[in-house]
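Single-letter residue listing:
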Amino acid sequence: MRIIPYEKQYRDDMIFMVLEAKNALGRVPRLNEDLLDVDRHYLLPGDMFWLAIDEDDRVIGCIGFNRYGPDSAKLHRLYVKYNRKRQGIGTRLLQTAEQCMREKGYRYAVAHLGGKEYFESRQFYPRQGYTEYEPGYMRKAL
């Protein structure tokens, strides 16, 4: 498995992976608009987005971030292919994003947890050193 900066050639495969991941969790698989144009929503403003690519050149995970105030960046779209979870892919994607945030001078990484149906996020982020600072939001000092 390798982590790469977003490349347009993987767009459709990434979208399919995200929809499939949502469906596996029993959620209505709706598409997030920002995933239709990663360049405009992440790369052009100076933020970042990465893909986890498997040995068959398929997307098995993704993560991005945007500036969120003067010293913080907000994580977005951390997804791992439903049948590849608990293999360290999410952790590697998160570590990649956090390292880039540090290099850009951010002091905090922020994650919005969503509703109670996002039970995996509520378990994952605390294991990565994130703490809740207001309802539904966690952050970690970088």
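Our subject is the structure listed above.
Keep in mind that this is a model prediction, so the values were computed, not measured. (Residues numbered from 1 in each chain as written. Predicted model: local features only at pLDDT ≥ 70, side-chain atom pairs only at ≥ 80, totals over all residues. Heavy atoms only, no water.)

Draft legend 1. A look at the sheet that holds strand β4 (residues 72-80). Spatially, the 7 strands line up as an open sheet ordered β1-β2-β3-β4-β5-β7-β6, and their pairing is mixed. At either margin of the open sheet sits one strand with a lone partner, and together these are β1 (2-5) and β6 (131-134). The sheet shows a mean angle of 30° between the axes of neighbouring strands, taken without regard to direction. Across 4 bridges, β1 lies against strand β2 (residues 48-53) in antiparallel orientation. Bridge pairing in β2 links R2 to I53. Across the sheet, helix α4 (residues 119-127) lies against β4, β5 (108-112) and β7 (137-141), angled at about 125° from β4, the strand it touches most. (Pairing = 2+ DSSP bridges. Helix = DSSP H or I, 4+ residues; strand = E, 2+ residues; numbered from the N terminus. Axes fitted to C-alpha atoms, helices over the stretch in contact; angles between N-to-C directions. Contact = heavy atoms within 4.5 Å.)

Draft legend 2. Spotlight on the pairing of strand β3 (residues 59-67). Burial of β3 is extensive: 8 of the 9 residues sit out of reach of the surface. The pairing of β2 with β3 spans 6 bridges and is antiparallel. Among the inter-strand pairings, A52 is bridged to a residue of β3, identified as G61. Counted between consecutive antiparallel strands, the loop separating β2 from β3 contains 5 residues, among which D57 sits at a positive phi close to 65°. (Buried < 20%, exposed > 50% of the residue type's maximum accessible area, 1.4 Å probe, protein only.)

Draft legend 3. Looking closely at the environment of D37. Tracing the sequence through the fold places D37 in the loop between α1 (11-24) and α2 (38-43). Using a relative accessible area of 30% as the deciding quantity, one classes D37 as partly exposed. Between the C-alpha atoms of D37 and R77, which are 40 residues apart in sequence, the distance is 13 Å. Within the structure, the side chain of D37 is placed 3.2 Å from the backbone nitrogen of R40, a separation counted as a polar contact. (Polar contact = N/O pair within 3.5 Å; in protein donor to acceptor, adjacent residues only side chain to side chain.)

Draft legend 4. View of the nonpolar core. The biggest cluster of nonpolar side chains holds 24 residues, and the ones touching the most others in it are W50, F65, L75, M101 and Y125. The set of elements that each furnish at least two residues to this core consists of β2, β3, β4, α3 (89-103), β5 and α4. Top contributing element to this core by residue count: α3, with 6 residues. Leaving out residues up to four positions away in the same chain, L75 has contacts with I63, G64, F65, L94, A97, M101, V110, A111, Y125 and Y130. (Core = buried A, V, L, I, M, F, W, Y, C linked by side-chain atoms within 4.5 Å.)

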